[in-house]
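# Notes for the structure review
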Amino acid sequence: MNGFMISFNNAVNLAGLLLSVFGLFYVLRGARVDRHLDRFFILASADLLLFGAATACRQMLSGVSGHSVRTLLLAACYLEFLSSFLLVYIASRYLLFVAKLHRSSLRYMLLGILILHVLLLTFSQFTGLFYTVEAGNVYKRGPGYLLCYVPTAAGILLDVGVLLFYRERLRRREYLAFWAFLSIPAVSILLQILIPGISFGVLASLIALFCLFLMIVSDRKEQFYRHAQENASLKIDILLAQIQPHFLFNALSTIRSLSYSDPELTRKGLDKLSDYLRHNMDSLTEDRPILFREERKHVESYLELQRLRFGEDLRVEFDLECESFFLPTLTLQPIVENAIRYGVRKNERGSGAVIIRSRDFPDRVELSVTDDGPGFVPDSIPGDSERSHVGLKNVRERLQRISGGELRVDSVIGKGTTVTMILPKNA
């Protein structure tokens, strides 16, 4: 029986090492479908590689005499127990991200569980709580062995709570994949307690990660290729929405009227209109985020054209804490246009102000556009049904797809509206 267990464990560990290397190679060399998913599988595969290597080292060294071997055996035990929980921690962090809870207090709870596990494991290294290395360098479970599963169980319970209470935030395949991922380690813990000697942890981690990999990657690839097919038509829709016939008509009419009285201002207006149209055309071939300074130039060209028409009735202020950040092209200008069209122009005074702000945070940049117009109910964005209106839904989709950002709309009737783009710095 011992010979069978040794052979079985060696086979499992070897398979784990090979699949971990394959997983890392696949993610690093494959197509970048989702950077957050790529990061998760890189970390999970690396952790599984460490888990399998530490387990194999512990099994090979157990029973081998020598003082240096004892030191290596203790180190292998520490890494094995640490990496077994790290896989749950990495998956939990990814689940919080997918459920849009990565900024909630749950991440601190998860971090607290990790710290607890590290403290208990370090304590065990010197006291033999989880494991001991007896005479002859023989590995043996410690009197508090079951305690090593408490942090893992706590992490799994936290994930179960997220899946139960925030199910609507996950796609169907993501939901099923995480249930499979959590169920398999839970069963392996019971088997590991009841049947010592067999590496159920490595085997369960392999199967769980493989299931998660297949289900989520297939779902992400399906989304990726569907978005790629939609992208061309979406670009055309955005461009048509951006270059509105009534805007061009008003701009040209204003420039034409100026040509009789102010040739210099007329030339300036034509230059700004040219810059505006050029940026719109260039955006058709631009999928990557651009520097804010470039988008600001486009917005300023648009504002100059609007000032030719509205004069002092339109006031625009820039309150910029930072400018060296990236955002998808054609995202700021539509929001500014909405602020003028549904804020300033709808104001009872016939005039108004628009404030463009940027705020720098450790993990993100927030770029907002505020108007002092009549406001509206955010659940019913005005003008979304009109062909000529640049819908915030398109801006939100581009923001999410290209930069992994979010769009927030805050409006108060009679006071005005603020539309905020939240741009992660690690995008």
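Please read all numbers here as calculations on a predicted model, not as lab measurements. (Residues numbered from 1 in each chain as written. Predicted model: local features only at pLDDT ≥ 70, side-chain atom pairs only at ≥ 80, totals over all residues. Heavy atoms only, no water.)

### Digging into the side chain of serine 92
Our working rule: We count a stretch as a helix when DSSP gives it H or I for four or more residues in a row; a strand needs E for two or more, and each element gets its number in order from the N terminus. Note on contacts: a residue pair qualifies if any of its non-hydrogen atoms lie within 4.5 Å across the two residues.
Summarising the element assignment, serine 92 is placed in helix H3 (residues 67–98). Look past the residues within four positions of serine 92 in its chain and what remains in contact with it is Leu110, Gly155 and Asp159.

### Describing a nonpolar patch on the surface
Quick reminder of the rule: To count toward a patch, a residue needs a relative accessible area above 30% and no salt bridge. Like charges then connect within 9 Å, nonpolar side chains (Val, Leu, Ile, Met, Phe, Trp, Tyr) within 5 Å. All accessible-area figures derive from a Shrake-Rupley calculation using a 1.4 Å probe, and residue coverage is judged against the displayed protein chains alone. Should a side-chain nitrogen of Lys or Arg be within 4 Å of a carboxyl oxygen of Asp or Glu, the pair is scored as a salt bridge.
On the surface, Leu111, Ile115 and Leu119 cluster together into a nonpolar patch covering about 270 Å² of accessible area. For leucine 111, the location among the structural elements is in helix H4 (residues 106–127).

### A short note on the packing of helix H10 (residues 292–310) against helix H11 (residues 332–344)
Worth spelling out the cut-off: Every angle, taken between N-to-C directions, lies between 0 and 180 degrees, and every axis is a line fitted to C-alpha atoms, over only the stretch in contact when it is a helix. Convention used here: angles under 35 degrees read as roughly parallel, angles over 145 as roughly antiparallel, angles from 65 to 115 as roughly perpendicular, and any remaining angle as oblique. Note on convention: the crossing is left-handed when the near helix lies turned anticlockwise from the far helix by less than a right angle, right-handed when the turn is clockwise. The nonpolar class holds Ala, Val, Leu, Ile, Met, Phe, Trp, Tyr, Cys and Pro. Asp, Glu, Lys and Arg form the charged class, and all remaining residues, Gly among them, are polar.
Look at H10 against H11: their axes get within 9 Å of each other, and the N-to-C directions meet at 30 degrees. Compared by their axis directions, H10 and H11 come out roughly parallel. In the crossing of H10 with H11, the sense of the turn from one axis to the other is right-handed. Where H10 approaches H11, its residues Phe292, Glu295, His298, Val299, Tyr302, Leu303 and Gln306 are matched on the opposing element by Leu332, Gln333, Val336, Glu337 and Ile340. In terms of residue class, the contact of H10 with H11 is made up of 7 nonpolar, 3 polar and 2 charged.

### Digging into the sheet that holds strand S4 (residues 314–320)
Applied cut-off: The rule for pairing is simple: two strands pair if DSSP sees at least two bridges between them.
Spatially, the 5 strands line up as an open sheet ordered S4-S6-S7-S9-S8, and their pairing is mixed. Two strands close off the open sheet at either side, each with one partner strand: S4 and strand S8 (406–412). Averaged over all pairs of adjacent strands, the angle between their axes in this sheet comes to 15 degrees, without regard to strand direction.

### Some points on H11
As a reminder of what qualifies: Under the convention used throughout, the expected extent of a helix is 1.5 Å for every residue step, that is, one less than its residue count. Summary of the burial criterion: residues with accessible area below 20% of their type's maximum are buried, those above 50% are exposed, and those between are partly exposed, where the area comes from a 1.4 Å probe applied to protein chains only.
Given a rise of 1.5 Å per residue, 13 residues ought to cover 18 Å, and the 17 Å separating the end C-alpha atoms of H11 matches this to within 8%. Counted residue by residue, H11 has 13 buried out of 13 residues, so it is predominantly covered.

### Some points on the nonpolar core
Condition: The term nonpolar core refers to a set of buried residues drawn from Ala, Val, Leu, Ile, Met, Phe, Trp, Tyr and Cys, joined through side-chain atoms within 4.5 Å.
Ranked by size, the top nonpolar core spans 35 residues in total, and within it Phe40, Val162, Leu163, Leu170, Phe178, Phe181 and Leu209 carry the most contacts. Listing elements by their share of this core, those giving two or more residues are helix H2 (35–61), H3, H4, helix H5 (150–165), helix H6 (172–194) and helix H7 (200–242). Among the elements that make up this core, the one with the highest residue count is H3 (10 residues). Setting aside chain neighbours within four positions, we find phenylalanine 40 in contact with Ile90, Ala91, Tyr94, Leu209 and Leu212. Listed in part, the 33 residues of the second largest apolar core include Phe292, Leu303, Val365 and Val419.

### Some words on the packing of H4 against H5
The geometry of H4 relative to H5 is characterised by a closest axis approach of 9 Å and an angle of 165 degrees between their N-to-C directions. With respect to each other, H4 and H5 are oriented roughly antiparallel. For the pair H4 and H5, the crossing hand works out as left-handed. Side by side, H4 and H5 meet where Leu106, Met109, Leu110, Ile113, His117 and Leu120 of the first sit next to Pro151, Ala154, Gly155, Leu158 and Val162 of the second. In terms of residue class, the contact of H4 with H5 is made up of 9 nonpolar, 2 polar and no charged.

### Description of the pairing of S8
Burial along S8 is one-sided: the face carrying Leu407, Val409 and Ser411 is buried and the face carrying Glu406, Arg408, Asp410 and Val412 is not. Sheet topology places S8 next to strand S9 (residues 416–424); 7 bridges connect them, and they run antiparallel. Each residue of the ladder has a partner; that of valine 409, found in S9, is valine 419. Hairpin connection from S8 to S9: 3 residues lie between these consecutive antiparallel strands, with glycine 414 at a positive phi of about 85 degrees.

### Thoughts on the pairing of S9
In terms of burial, S9 is a largely internal element, 8 of the 9 residues being buried. Where strand S7 (residues 364–371) lies against S9, 8 bridges are found, and the strand directions are antiparallel. Note on S9: the bridge partner recorded for leucine 367 is methionine 421.

### Observations concerning the confidence of the model for the protein chain
Detailed reading of the predicted model is not advised wherever pLDDT is low. Threshold: Per-residue confidence from the predictor is reported as pLDDT, which spans 0 to 100.
Predicted confidence across the protein chain gives a mean pLDDT of 78, with 74% of residues reaching 70 or more. Summarising per-element confidence for the protein chain, the mean pLDDT is lowest in helix H1 (residues 2–29) (60) and highest in S7 (94).

### Regarding the packing of aromatic side chains
To keep it simple, the criterion reads: When two rings of Phe, Tyr or Trp (its six-membered ring) have centres within 6.5 Å they constitute a pair, described as stacked for plane angles under 30 degrees, edge-to-face for angles over 60, and tilted for the intermediate range. By definition here, charges over rings are those cases where NZ of Lys or CZ of Arg is within 6 Å of the ring centre and within 35 degrees of the ring normal.
By the definition in use, this model includes 9 aromatic pairs. When the centroid spacing of 5.5 Å and the interplanar angle of 85 degrees are considered together, the rings of tyrosine 145 and tyrosine 149 count as edge-to-face. Assessed through its relative accessible area of 8%, tyrosine 145 is described here as buried. Ring centres of tyrosine 175 and tryptophan 179 lie 6.2 Å apart, and the angle between their planes is 85 degrees; this geometry places the pair in the edge-to-face category. Pair noted here: tyrosine 175 and tryptophan 179 are both in helix H6, with a separation of 4 residues, about one helical turn. Tyrosine 175 gets classed as buried once you look at its relative accessible area, which sits at 12%. Over the aromatic face of phenylalanine 318 sits the side chain of arginine 296, whose NZ or CZ is 4.3 Å from the ring centroid.

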